[in-house]
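So you can see what is in the structure, the chains are spelled out below.
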Amino acid sequence: MYGLATDLELAGFVGNDSIGVFVEVEGATTAVEAFARRLVAEAPPASLIDEVASTVLEPIGSYDFVILTSQPGSSTTLVSPDLDICDDCLAEMNDPQNRRHRYPFINCTNCGPRFSIIAETPYDRSSTTMAEFAMCTMCEAEYSDPFDRRFHAQPNACPTCGPEVWLVRDGAVVEGDSIAATRSIIASGGTVAIKGLGGFHLACDARSPAAVRQLRDRKGRAAKPFAVMAADLATAREIATVDETSADVLTSQAHPIVVMSARPASPLADAVAPGNKTIGVMLPYTPLHHLLMESGDVWVMTSGNRSSEPIVIENDSAADRLGELSDAQLLHNRSIQRPVDDSVVRSYGGGVSPIRRSRGFAPYPMRLGFESRPALAVGGELKATLAIAARSQAFMSQHIGDMENVETLDTFATTANDLSRLFRIDPEVLVCDRHPRYLSREWAYANADGRTVIEVQHHHAHIASLLAEHRRNEPVIGFAFDGTGYGLDGTIWGGEVLVGRLNGFERAGHLAAFELPGGDAAVARPYRTALSLLRRFGVPWDIGLPAVAAAGTTERGVLAHQIESGLNTVLTSSVGRLFDGVSSLAGVCQTVSYEGQAAIELEAIADFSMPGAPYEFAVVDVDGTLVVDPTPVVTAVARETLAGAAPGAISASFHRGLANAVRDVAVAVRDSTGISVAGLSGGVFQNAVLVELTVDALTAAGFDVLTHRYVPANDGGLALGQIALAAHIA
Ligand SMILES: [Zn+2]
Ligand SMILES: [Zn+2]
């Protein structure tokens, strides 16, 4: 604004207050008009303009333009997400004449680290991890010049005064060119732990089956897909089908991992994403990545952590925790303030939907369609995120991980305090899931300190997250399909039709409940769920079925006893588990090594070119509740599998049948309530095949359909829904 006003010879001032940025300009009418126009047209790439409001004032005779100092506490604190390197900086880095030629920490006001280096607000260099680097004269001159691209670029640095990288191998620093040495280790099949923007990556050559296999063995990660980094868009096109939307997202400022269809003749090692027809790809987003990778390179770039622990951010822990997982460690001395994992989005139907909202997105403010008391929402258990809100804004945290170990719980607690401090919001209420065993809920009570704790139902929070993201608060027919959520009746819900809005809901329908023998054991071994489905819905255990064969005689005996006696068995209406069961029945997947594997593999093989009618669920009205009975589906899957039908055809019929069932239930609810807005949320709706079919079916039936575009459909979006519910309940 200073640059623009000065350029147009306007007088006045600019500052921040609790609403946003205010500016007053005075001068020739044409110049003032030009200012208003160029303010938006030439907004810096890193800016986010929600709204511009203007008023005409009487001239007061100002003759210069000044930047007003913000009063502490008077302004809304915003923190920028981390930004990918801009074209100007990239060009400078590649210019042998430039003083930052090949400098891995080049940045400017349009690019570079932000959230990952900010310790305190307001955002000044002294409150970032760059505080320990004193700028040299040349950097200082850029930093102080309002017309320089590095004016007030807090992480500004150069080879003379800034951070540096070095490579450690077997505990010793490798002499010479650390970039070249890293490349050569990766080229020869090794793995290097690379310190990045928001944490470490483990990197190896994604084309080398041996390298990928070795990384899997070291990480103890059997089958969960790895994301890859492709050197450039052309290289990405060799491994994935990159449509226009995906290309835009890949190169957007957030530079997330984009999950796309894998190319059938992809040069990637099969072990990168076994059993998947999709591949998660990202492009280099830091100067260091650009120095490391050359066109044609595709590297596995997976979070640098031991299985299920948070991503490593410190040099010291890299040796401890990543030493055994890697052949060398490429380190640098710009400290990372907090872990910020790569974001993941899925591309489908001409748009994208987030799967993990983290680097590049967190902690952008989210404008709410309602007013919130100062509140902190603690999310769920898996894919944990938190959200803090006050007035009409919410801030979602970065991805924290699955709350299953002490390290993740530590990060969770730190993040809660972090959000409160950074955004200067003192929560008056805490919001959590009702699940009595969620560690996030336990944390909320342990840290309530006299404040109110509001418990909200899991699937209601899913639907609320969808409403909040679309800034709607009207009655909706919400389909919340996921793996597990604590129901109001003590059973495990997960196939829910909730009719309501932000102040309450009614369970209008659900998938018919069935037994989950052994609880978590059934989740790990989908054939157990398959056998339970057969038993519950009256289909014999035919040994010709892959699911029955997978159980073995002894386990079948135990299962039969468990299901009949209800011993160590929970009842569930989970669609996620139904997917597991069908995947097993069709012979696709019998045991899983990561969450959702059976469903993901079932989706991957869906083949709509084969003949086969959609399966038909029976929808039964039981005392006013619509129960979706899968008996005909389970029967058909078993019968067709025994008859030798292709699993791809079974998968297609199942997906189409489920989409039709959603439509039929929606129509029935519309008939009785008059509501014609339908919403899809919950982890099951990360399934792009299902979302597309369901949206098509609902749209054809005349529904206005809401799907997630901003927060994940999975539990990573729960915290936003919790904020929305807390603002409307009590
Ligand atoms: Zn830049
Ligand atoms: Zn310098």
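Everything numeric in this text was worked out from a predicted model, so none of it was measured.

Undergrad: Help me out: how do you make sense of the environment of Thr625 in this one?
TA: On the secondary structure map, Thr625 appears in strand S25 (residues 625–629). Separated by 499 residues in sequence, Thr625 and Ser126 place their C-alpha atoms 59 Å apart. Here Thr625 is in contact with Arg507, Ala508, Gly509, His510 and Val620, once residues within four sequence places are set aside.

Undergrad: Hey, could you run me through unusual backbone geometry in this one?
TA: In most cases, non-glycine residues show a negative phi, while peptide bonds are predominantly trans. Pro122 follows Thr121 through a cis peptide bond whose omega is 0°. Within the fold, Pro122 resides in the loop between helix H3 (87–93) and helix H4 (137–144). In this structure, the amide linkage connecting Ala362 to the following residue, Pro363, adopts the cis form with an omega of 0°. Along the chain, Pro363 turns up in the loop between strand S14 (351–356) and strand S15 (365–377). Residue Arg391 is not a glycine yet carries a positive backbone phi of 50°. Within the secondary structure, Arg391 sits in strand S16 (residues 387–396).

Undergrad: What is the right way to read the pairing of S16 from this model?
TA: A regular strand places its side chains so that they alternate between the two faces of the sheet. Burial of S16 is extensive: 8 of the 10 residues sit out of reach of the surface. Pairing of S15 with S16 involves 7 bridges; the strand directions are antiparallel. Counted as the bridge partner of Leu376 is Ile388 from S16.

Undergrad: Would you explain the sheet that holds strand S18 (residues 452–456) in this entry?
TA: One key point about sheets: their strands pair by backbone hydrogen bonds, in either a parallel or an antiparallel sense. Pairing within the open sheet is mixed, and its 4 strands lie in the order S16-S15-S17-S18. Every interior strand has two partners, whereas the edge strands, S16 and S18, have only one. Neighbouring strand axes in the sheet, compared pairwise and without regard to direction, differ in orientation by 60° on average.

Undergrad: Would you mind showing me how to read the domain arrangement of the protein here?
TA: The figure often quoted for interface size is the accessible area lost as the parts come together. Segmentation of the protein into domains returns domain 1 (2–67), domain 2 (77–162), domain 3 (165–353), domain 4 (355–473 + 715–728) and domain 5 (478–706). Taken together, the 11 residues of domain 3 in the interface contact 13 residues of domain 5. When domain 3 packs against domain 5, the two sides together hide about 860 Å² of surface, and 56% of this comes from carbon and sulfur. The largest contributions to the domain 3 side of the interface with domain 5 come from Lys277, Arg346 and Tyr348, which together make up 50% of the buried area. The tally of links from domain 3 across to domain 5 stands at 1 salt bridge. Linking Glu603 and Arg346 is a salt bridge whose minimum nitrogen-to-oxygen distance equals 2.8 Å. Along the contact surface separating domain 3 from domain 5 lie 4 residue pairs in polar contact (both at pLDDT 80 or more). Here the residues of the side of domain 3 that touches domain 5 are counted per class, giving 5 nonpolar, 3 polar and 3 charged.

Undergrad: Got a minute to help me understand the coordination of the zinc ion (ligand 1) in this structure?
TA: Coordination angles at a metal have ideal targets, namely 109.5 degrees for four tetrahedral donors and 90 or 180 degrees for six octahedral donors. Ligation of the zinc ion (ligand 1) by protein atoms is provided by Cys86 (SG), Cys89 (SG), Cys108 (SG) and Cys111 (SG), these donors lying 2.2 to 2.3 Å from the ion. Classification of the site at the zinc ion (ligand 1) as tetrahedral follows from its 4 donor atoms and the range of 104 to 118° in their angles at the metal. Site description for the zinc ion (ligand 1): donor spacing in sequence, C-x2-C-x18-C-x2-C. Placement of Cys89 in helix H3 and of Cys111 in the loop between H3 and H4 is noted, with a sequence separation of 22 residues between them.

Rules and cut-offs
Residues numbered from 1 in each chain as written. Chains lettered and ligands numbered in written order. Predicted model: local features only at pLDDT ≥ 70, side-chain atom pairs only at ≥ 80, totals over all residues. Heavy atoms only, no water. Helix = DSSP H or I, 4+ residues; strand = E, 2+ residues; numbered from the N terminus. Contact = heavy atoms within 4.5 Å. Buried < 20%, exposed > 50% of the residue type's maximum accessible area, 1.4 Å probe, protein only. Pairing = 2+ DSSP bridges. Axes fitted to C-alpha atoms, helices over the stretch in contact; angles between N-to-C directions. Domains from an automatic or database assignment. Buried area = accessible area lost by both parts, 1.4 Å probe. Salt bridge = Lys/Arg side-chain N within 4 Å of Asp/Glu carboxyl O. Polar contact = N/O pair within 3.5 Å; in protein donor to acceptor, adjacent residues only side chain to side chain. Nonpolar A, V, L, I, M, F, W, Y, C, P; charged D, E, K, R; others polar. Donors = N, O, S within 2.8 Å, 3.2 Å for Na, K, Ca; no water. Tetrahedral: all angles 85-135°; square planar, octahedral: opposite > 155°, others 65-115°.

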